[in-house]
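# Structural overview for review
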There are 2 protein chains.
Amino acid sequence: MTDPGFSLFQIALQQRAAAVETLLSGLLSDRPQGGEISRPPRLMAAMRHGVLNGGKRLRPFLVMESAALFGADNPAALRVAAALECIHSYSLVHDDLPAMDNDDIRRGQPTVHRKFDEAAAILAGDSLLTYAFELVASEETELDPHARVTLVTALARAAGVGGMTGGQALDLEAEKDQPDEEGIIRLQAMKTGALIRFACEAGSIIGNAHVKDRERLAEYGSAIGLAFQLADDLLDVTADASHVGKATGKDAAAGKATLVSMHGIEWTRQQLAGLVAQAEDLLEPFGEKAVLLKDAARFIAERQS
Amino acid sequence: MTDPGFSLFQIALQQRAAAVETLLSGLLSDRPQGGEISRPPRLMAAMRHGVLNGGKRLRPFLVMESAALFGADNPAALRVAAALECIHSYSLVHDDLPAMDNDDIRRGQPTVHRKFDEAAAILAGDSLLTYAFELVASEETELDPHARVTLVTALARAAGVGGMTGGQALDLEAEKDQPDEEGIIRLQAMKTGALIRFACEAGSIIGNAHVKDRERLAEYGSAIGLAFQLADDLLDVTADASHVGKATGKDAAAGKATLVSMHGIEWTRQQLAGLVAQAEDLLEPFGEKAVLLKDAARFIAERQS
């Protein structure tokens, strides 16, 4: 990856991430805000631990860059980006719980229930989810009420039964009852796809884009969301394959069918290239302004971690 | 309780409850809605089990009666009432988890994690919470965007770190570190008070009431929220006291200080009477229209279960 565009992307990604982290770090302080009676310090610490954990902040980046396409590189984009990261983080905090994936470590740090306790992790996740809606609905976004309520609706749909939590539930059921190819695609479109699609669509809502452009951004989001999951499944295979003769990774060990296990590595790489091309085509009308979003598509498809 | 007003109240409470349950039962069906790809049947069943459990539906009643004060006995009030019940129910589903209160039975039925499993209960709770915001933000409320976004903000604040989940976190900490009287009042105002206050305030937002009336309703909500908790703590003592010489109940057994354990039964009954009088005073300007809300205050203070 010596493409100079790619490193510009890396710099932009880091800048966006830093802005979101600064905002969240201030918002999730122990100091009561906006008429709140009190904020429990331990709960706030668990929330901060869950969200300020050095993630790549890809979803916030997508919100902010999509908004920038429509000239809306503004406080609204930053706040919606932060809200989306709260949703993504809450899902990880709950996913890591013993009753779910039972993970002790995330990004080299103890997970929230390991650093605090399970009850704190449940409440911290619930609180991050709730706070995300407060952030999006807030007049501090400086968006008109119609845009705010549109964003709340889109976010709730992306995060709920027809989106993320629905996909998580399908994923749990898939452990017992293997889905077919169509079922896997649906599961992934919900579990990881819906939030990524929302991220891109949100930018167009914030930027007050025409409905055609909103659809275009949503389609771009769907393409890169699918690519995100394919790349993840591919990494699960190739990362382990580089080790001592073990050709399969976590998914295979868990008996989990993926599109990669069904179709093989070569097919997957072709699919990924096709999705990147599709994402680039969708962004064509925006010309130079969309360079970083095109880079994001390639980054998602080609990432090594 | 032979007061005829009281039985009118009971009938109204049941009618409101039935309306909310009918709506929720339809909304939480397995059929995908509003562009959703799919809804996982087991997740939906866990959500229905968590919310359609024969609760008294006091919070929905308060939303609908408060809205009716301002002539807004309409679909918006019903939907916001249903959303609030989703929030209340999600908090119970998560509260019942082994890592929290570890309860197997609620209202004579197995709790969600006992009937399904812990992962399903976590996801069902998350999904109910998320769905509540979808409901409130929806244009199907027929409210203008400003009212909807005001409701989303107020609900998120009542349910989040400065309200319900914050209160739950304080409650967990209180098990280790006994709060003083001020601390207990704050904890209770957040844990149970905030949602009840929201219920009453929501009616005034739906009814597009003047800011003074909104404040009046919020104050009424605070008074009955405090009465609700005092009555709960009182029941914990008196219900057990009627048994074989055991003068204290769950709270005392858990070493949990309450205002009742601090000040005694007589003081508590006086406080309750004072709060009912305060609630009635606050409703005075609304005259006859507020009869059922006055009954609600007495019901909350005097209930035996």
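In the nomenclature of an unreviewed UniProt entry, chain A corresponds to Probable farnesyl diphosphate synthase from the organism Phyllobacterium brassicacearum. Of chain A, the UniProt comment under Sequence similarities (unreviewed entry) reads exactly: "Belongs to the FPP/GGPP synthase family." The heading Cofactor (unreviewed entry) in the UniProt record of chain A holds the text "Mg(2+)".

## Section: the overall build of chain A
Summing up its helical and strand segments, chain A has 13 helices and two strands in all. Across its three principal directions, the C-alpha atoms of chain A cover 60 × 50 × 35 Å. The proportion of buried residues among the 305 residues of chain A is 57%. For chain A, contacts bridging at least 24 residues in sequence account for 72% of all contacts bridging at least 6. Taken as a whole, chain A presents about 12,300 Å² of accessible surface, with 50% of it coming from carbon and sulfur. Taking the average place of the 30 positive charges on the side chains of chain A and the average place of its 43 negative ones, the gap between the two points comes to 3 Å.

## Description of the relation of the copies chain B and chain A
Overlaying chain B on chain A yields an RMSD of 0.0 Å, the required transformation being a rotation through 180° with an accompanying axial translation of 0.0 Å. As the rotation angle and translation indicate, the two copies are arranged about a two-fold axis. By residue overlap, the copies meet face to face through one surface: 100% of the interface positions of chain B are interface positions in chain A.

## Comments concerning the packing of aromatic side chains
Residue and element names in this part refer to chain A. In the structure shown here, the tally under the stated rule is seven aromatic pairs over all chains. For the ring pair Phe70 and Phe286, a centre distance of 5.6 Å and an interplane angle of 85° mean the geometry is edge-to-face. Within this pair, whereas Phe70 is found in the loop between α3 (58-69) and α4 (75-95), its partner Phe286 is found in the loop between α12 (259-283) and α13 (291-302), the two being separated by 216 residues in sequence. You can call Phe70 buried: its relative accessible area is 18%.

## Describing the packing of helix α3 (residues 58-69) of chain B against helix α4 (residues 75-95) of chain B
Residue and element names in this part refer to chain B. Relative to each other, α3 and α4 sit at 155°, their axes nearing to 8 Å. Our classification of the angle between α3 and α4 gives roughly antiparallel. Viewed along their axes, α3 and α4 form a crossing whose handedness is right-handed. Between α3 and α4, the residues in contact are Arg59, Pro60, Val63, Met64 and Ala67 and Ala77, Leu78, Val80, Ala81, Leu84, Glu85 and His88, respectively.

## Description of the interface of chain B and chain A
Taken together, the contacts link 50 residues of chain B with 50 residues of chain A. Counting each side, the surface lost to burial between chain B and chain A is near 4,400 Å², with a carbon and sulfur contribution of 74%. Along the contact surface separating chain B from chain A lie two salt bridges. The partner of Arg157 of chain B in a salt bridge is Glu134 of chain A, and the shortest N-O contact between them spans 3.2 Å. Linking chain B with chain A are six residue pairs in polar contact (both at pLDDT 80 or more). Of all the elements in the fold, those that place two or more residues in the side of chain B that touches chain A are α2 (41-51), α4, α6 (118-137), α7 (145-159), α8 (164-176) and α9 (181-206) of chain B. Here the side of chain B that touches chain A is composed, by residue class, of 26 nonpolar, 13 polar and 11 charged.

## Let's talk about the nonpolar core
Leu62 and Tyr220 of chain A together with Leu62 and Tyr220 of chain B are the most contacted members of the largest nonpolar core, which totals 201 residues. Setting aside residues up to four positions removed in sequence, Leu62 of chain A forms contacts with Ile196, Ala199, Cys200, Tyr220, Ile224, Leu293 and Ala296 of chain A.

## Overview of the packing of α4 of chain A against helix α6 (residues 118-137) of chain A
All names here are of chain A. Interhelical geometry of α4 versus α6 gives an angle of 160° and a closest axis separation of 8 Å. It follows from the interaxial angle that α4 and α6 lie roughly antiparallel. Crossing geometry of α4 relative to α6 is assigned as left-handed. Within the contact between the two elements, α4 uses Arg79, Ala82, Ala83, Cys86, Ile87, Ser89, Tyr90, Val93 and His94 and α6 uses Ala121, Ile122, Gly125, Asp126, Leu128, Leu129, Tyr131, Ala132, Phe133, Leu135 and Val136. Looking at side-chain class alone, the contact of α4 with α6 contains 15 nonpolar, three polar and two charged residues.

Analysis parameters
Residues numbered from 1 in each chain as written. Chains lettered and ligands numbered in written order. Predicted model: local features only at pLDDT ≥ 70, side-chain atom pairs only at ≥ 80, totals over all residues. Heavy atoms only, no water. UniProt positions renumbered as here; feature names shortened; annotations may be inferred. Helix = DSSP H or I, 4+ residues; strand = E, 2+ residues; numbered from the N terminus. Buried < 20%, exposed > 50% of the residue type's maximum accessible area, 1.4 Å probe, protein only. Contact = heavy atoms within 4.5 Å. Areas by Shrake-Rupley, 256 points an atom, 1.4 Å probe, with all protein chains shown as cover. Lys, Arg positive; Asp, Glu negative; His and termini not counted. Charge placed at Lys NZ, Arg CZ, Asp CG, Glu CD. Least-squares fit on C-alpha atoms with pLDDT ≥ 70 in both. Phe/Tyr/Trp six-rings, centres within 6.5 Å; stacked < 30°, edge-to-face > 60°. Axes fitted to C-alpha atoms, helices over the stretch in contact; angles between N-to-C directions. Parallel < 35°, antiparallel > 145°, perpendicular 65-115°, else oblique. Left-handed = near helix turned anticlockwise from the far one by under 90°. Buried area = accessible area lost by both parts, 1.4 Å probe. Salt bridge = Lys/Arg side-chain N within 4 Å of Asp/Glu carboxyl O. Polar contact = N/O pair within 3.5 Å; in protein donor to acceptor, adjacent residues only side chain to side chain. Nonpolar A, V, L, I, M, F, W, Y, C, P; charged D, E, K, R; others polar. Core = buried A, V, L, I, M, F, W, Y, C linked by side-chain atoms within 4.5 Å.

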